[in-house]
Amino acid sequence: MAHIRVLLGTLGLALLAGLTAPPSLAAESGGAAPTAEEQRLDRAAPREILARSGFDTAAPRFVRELGSARSYARARHVVEREGARLWRRAVDRAQGRGPAGGDLSRDDDRALYWARLAMTREVRAWEPSFGLSEAQRTALLAALEWTSRGQDTIRYPHARGVKRILVTGFDPFTLDRDVRISNPSGATALALDGTVIETADGPARVETALFPVRWQDFADGTVERTLRPHLPRVDLFTTVSQGRVGRFDVERTNGAWRGGFPDNENVSRTETVPVADPATQPQWTSTTLPYAQIVAADTGRFPVYDNTSVTEIPAGGTEPVVRPGGPTAGSTARAGGGGNYLSNEIAYRATLLRDRLGRTSSLPGGHVHTPVLQFGTGNTDPATGAVTDAEFVRNRLDIIAQVRSILTVAADNGG
C-alpha cells in the first residue's frame, strides 16, 4: 500500500478551508427540506471525503443535467443515466480504472454514499417549470436509488461453466456517532462487482448491489425486488454487513424481528419483519452456506466463527431468552445470530426468498458479518480525527480480501 497517500491534520483543514458549496437546484427552489440523512452532508467530514475522491463533481453535474430537463420523461432519463454513471464511477475507482480523483484510497466506499445523498437532496427540492407531482418525484428518487446502487446491473455471462455469485453490501451507518464511518461491506461490493473468482470447478463471476440502512426501504420490498430475478439462476449468494470487532461471523440463523435500533433517518421500528404473505412467514430461516468449511479454512487474518446464538421467546413463554445453540421448536424470534437490525433482516429476507423459490436444498446462501472497520490508534475522536489513516485503509483492504477468500471457499464447497 506504499502508493496510497494518507494526508492528515493540517492538510485536511486546508482542504476544508478551500471548499465552496456547489451549484444547487435546492438553493434556488425553496422546495422540500432535506432528510435527516441528507442533512449530514453539510458536516465537514463528508465534504472532505467528496473533495478528496473527486466525487464532489457528481452533484454539480447532476444539477446542470437535471436543470436542463423540460419534461418528466427527460428528467427520468437524466436521473437513470446519472445514477448509473455514479455507480460505474465508484466501481471503476475501487477497481483501479480511471483517475483516482484525489488522494483518498480507491477502496473507500464513502464517496459513493455521500455523492448519492447530494443528488437525492437535489431531486427532493427540485421544482421544475413543467411541474412535478409527488408521485413523479418519488419515482425519480426510486430510480436514482436503484441505478446508483447497482441493483439494476446484475448480469451474468451466458458462457457454460461459469458459476454465478451474488453479493450484497450496505451503506455506512451510525453516522451521528461518527460521521466519518465507512462500511466494509459496501467497499467489498464495489471491489468485487463484475470480477471473477477462480474456484476448484472453474471461474465464478461475482455481481453485487448495495442497500440503504433504512427500515422503510426494506418494508417497501427493495431486497426482494432486487434479488428475485436472480436467485433462481445463481449458484451462491451472500449478504454481507459490518458486525463485531475483530472477527467474521457466518450467521447460522436469521430471525423475523425488528429490534428498533434507529436507522440512517433516525427512525426506529420494533415489529415482526414485514413480508408478503405473512400467514406463511416463519419465525426463523437458516443459512445454507458451507459454514463448517468456511470456518475451518485459512481465509485471512481475522478469525471466522460459526455463530449459532439467537434470542427467542420460547413456546409458551413471555420473556426473551438467549439460546447459544439456536432456536427451539415453536419459539418466537427476538434476534437472529446477526441481531435484530437490518443486517439480520436482509439475511432473513434473502433466505426466505430462497426458500419460497424452492431452492433451500440447491442454493447455498446466507449472511456473513465482517469485523468492525476501525480507525488507527490515536484517530478515534470523531470530533477531531482524520477521515482516513493508514491502519484504517489496511483494515478495509484486509476485510475485502478475506470476503473474497470466504466466497472462494463457499464456491468450492457447495456453490
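Further up the page is the structure itself.
How each quantity is defined
- Positions within a chain are numbered from 1, following the residues in the order the chain's sequence is written.
- Note on the predicted model: pLDDT of at least 70 is required for a residue's local features to be given, and 80 or more for side-chain atom pairs to be given and counted; whole-chain, interface and lining totals, by contrast, use all residues.
- Hydrogens are left out, water is left out, and the side-chain values use all remaining heavy atoms of the structure.
- Under the scheme used here, helices are H or I runs from DSSP no shorter than 4 residues and strands are E runs no shorter than 2 residues, and both carry numbers assigned from the N terminus.
- Here the globule rule reads 2.2 Å times residues to the power 0.38, and the radius of gyration is calculated from C-alpha atoms.
- Contacts are residue-level and defined by heavy atoms, with any inter-residue pair within 4.5 Å sufficient.
- Here the accessible surface of atoms and residues is derived via Shrake-Rupley with a 1.4 Å probe, and residues count as covered only by protein chains that are part of the display.
- Under the counting rule used here, the positive set is Lys and Arg, the negative set is Asp and Glu, and His together with the chain ends is not counted.
- The location of each charge is read from NZ of Lys, CZ of Arg, CG of Asp or CD of Glu.
- A pair of strands is labelled paired if DSSP reports no fewer than 2 bridges between them.
- Only the stretch in contact is used when a helix axis is fitted, and all axes are lines through C-alpha atoms; the angle between N-to-C directions ranges over 0 to 180 degrees.
- Side-chain rings of Phe, Tyr and Trp (the six-membered ring for Trp) are treated as a pair once their centres are within 6.5 Å; stacked means planes under 30 degrees apart, edge-to-face means over 60, and tilted covers the remaining angles.
- Think of it in three bands: with a 1.4 Å probe and only protein chains considered, a residue is buried below 20% of the maximum accessible area for its type, exposed above 50%, and partly exposed in between.
- Between the first and last residue of a helix there are one fewer steps than residues, each counted as 1.5 Å, and that sum is the expected span.
- Distance and chemistry together define a polar contact, namely a pair of N or O atoms within 3.5 Å, with one atom able to donate a hydrogen and the other to accept it when in protein, and with adjacent residues in sequence counting only for side-chain atoms on both sides.
- Relative orientations are named as follows: roughly parallel for angles under 35 degrees, roughly antiparallel for angles over 145 degrees, roughly perpendicular for angles from 65 to 115 degrees, and oblique for any other angle.
- Crossing handedness is read from the near helix: turned anticlockwise from the far helix by less than a right angle, it gives a left-handed crossing, and turned clockwise, a right-handed one.
- Charged means Asp, Glu, Lys or Arg here, nonpolar means Ala, Val, Leu, Ile, Met, Phe, Trp, Tyr, Cys or Pro, and polar covers whatever is left, Gly included.

1. Re the overall build of the chain
Helices and strands together make up the secondary structure of the chain, namely 14 helices and 14 strands. Scaling as 2.2 N^0.38, a compact globule of 415 residues should have a C-alpha radius of gyration of about 22 Å, and the chain matches this with 21 Å. When its C-alpha atoms are laid out on the principal axes, the chain stretches across 60 × 50 × 50 Å. The long-range share in the chain, meaning contacts at least 24 apart out of those at least 6 apart in sequence, stands at 77%. Within the structure as shown, the chain displays about 16,600 Å² of accessible surface, and the carbon and sulfur contribution to it stands at 53%. Seen as two clouds, the 49 positive and the 47 negative side-chain charges of the chain have centres 3 Å apart.

2. Comments concerning the sheet that holds strand β12 (residues 321-323)
Here we have three strands laid out as an open sheet, ordered β12-β11-β13, and antiparallel in their pairing. Pairing within the sheet leaves two strands with one partner each, and these edge strands are β12 and β13 (332-335). On average, each strand axis in the sheet is tilted by 45 degrees relative to the strand beside it, whichever way the strands run. Two strands pair when backbone bridges link them, and strand β11 (residues 310-313) and β13 are joined in this way by three bridges, in the antiparallel orientation. By the bridge assignment for β13, Ile313 is matched with Thr332.

3. Describing the packing of aromatic side chains
Using the criterion set out here, one finds nine aromatic pairs in the structure. Centre to centre, the rings of Trp126 and Phe130 are 5.8 Å apart; their planes meet at 80 degrees, and the pair counts as edge-to-face. For Trp126, a relative accessible area of 5% translates into the label buried. Between Phe170 and Phe218, the ring centres sit 6.1 Å apart and the planes meet at 10 degrees, which makes this aromatic pair stacked. Note that Phe170 is positioned in strand β1 (residues 163-170) and Phe218 in helix α10 (residues 215-219), a separation of 48 residues in sequence. For the pair Phe170 and Phe218, one class covers both residues: buried. Here the aromatic residues Phe173, Trp215, Phe261 and Tyr341 are joined through ring pairs into a cluster of three or more.

4. Re helix α6 (residues 72-94)
For an α-helix, 3.6 residues make a turn, and residues three or four places apart therefore share a direction. The first and last C-alpha atoms of α6 sit 33 Å apart over 23 residues, in line with the 33 Å expected at 1.5 Å per residue. All of the buried residues in α6 are Ala75, Val78, Val79, Glu82, Gly83, Leu86, Trp87, Ala90, Val91, Arg93 and Ala94. Where α6 is buried, its residues meet α4 (44-53), α5 (58-67), α7 (110-125), α8 (134-148), α9 (184-192) and β3 (202-211). Phi turns positive one or two residues past the end of α6, at Gly96, with a value near 85 degrees.

5. What about the environment of Tyr341?
By the element assignment, Tyr341 lies in the loop between β13 and α13 (342-356). Overall, the relative accessible area of 14% leaves Tyr341 in the buried class. Along the backbone, Tyr341 and Gly259 are 82 residues apart, and their C-alpha atoms lie at a distance of 6.1 Å. Setting aside anything within four residues of it in sequence, one finds Tyr341 in contact with Phe173, Val213, Trp215, Phe261, Pro262 and Asp263.

6. Some words on the environment of Trp284
Along the polypeptide, Trp284 turns up in strand β9 (residues 284-286). Polar side-chain contacts of Trp284 include one of 3.1 Å to the side chain of Ser331.

7. As for the pairing of strand β2 (residues 196-199)
Here β2 shows a clear split, with Ile197 and Thr199 buried on one side and none of Val196 and Glu198 buried on the other. Taken together, the four bridges between β2 and β3 define a ladder with antiparallel strand orientation. Residue pairing in the sheet places Ile197 in a bridge with Ala204 of β3. Hairpin connection between β2 and β3: a loop of two residues separates the two successive antiparallel strands.

8. Some details on the sheet that holds strand β5 (residues 248-251)
Here we have seven strands laid out as an open sheet, ordered β2-β3-β1-β4-β14-β5-β10, and mixed in their pairing. Across the chains shown, the open sheet's two edge strands, defined by having one partner strand only, are β2 and β10 (304-307). Averaged over all pairs of adjacent strands, the angle between their axes in this sheet comes to 25 degrees, without regard to strand direction. In the packing of α9 onto the sheet, contacts are made with β1, β3, β4 (236-242) and β14 (365-370), and the angle to β3 comes to roughly 135 degrees.

9. Describing the packing of α5 against α7
Two elements in contact, α5 and α7, have axes whose closest approach is 9 Å; the angle formed by their N-to-C orientations is 30 degrees. Our classification of the angle between α5 and α7 gives roughly parallel. In terms of crossing hand, the pair formed by α5 and α7 is right-handed. Taken together, the residues of α7 that come into contact with α5 (itself represented by Ala58, Ala59, Phe62, Val63 and Leu66) are Ala115, Ala118, Met119, Glu122 and Val123. Residues of the contact of α5 with α7, tallied by class, amount to nine nonpolar, no polar and one charged.

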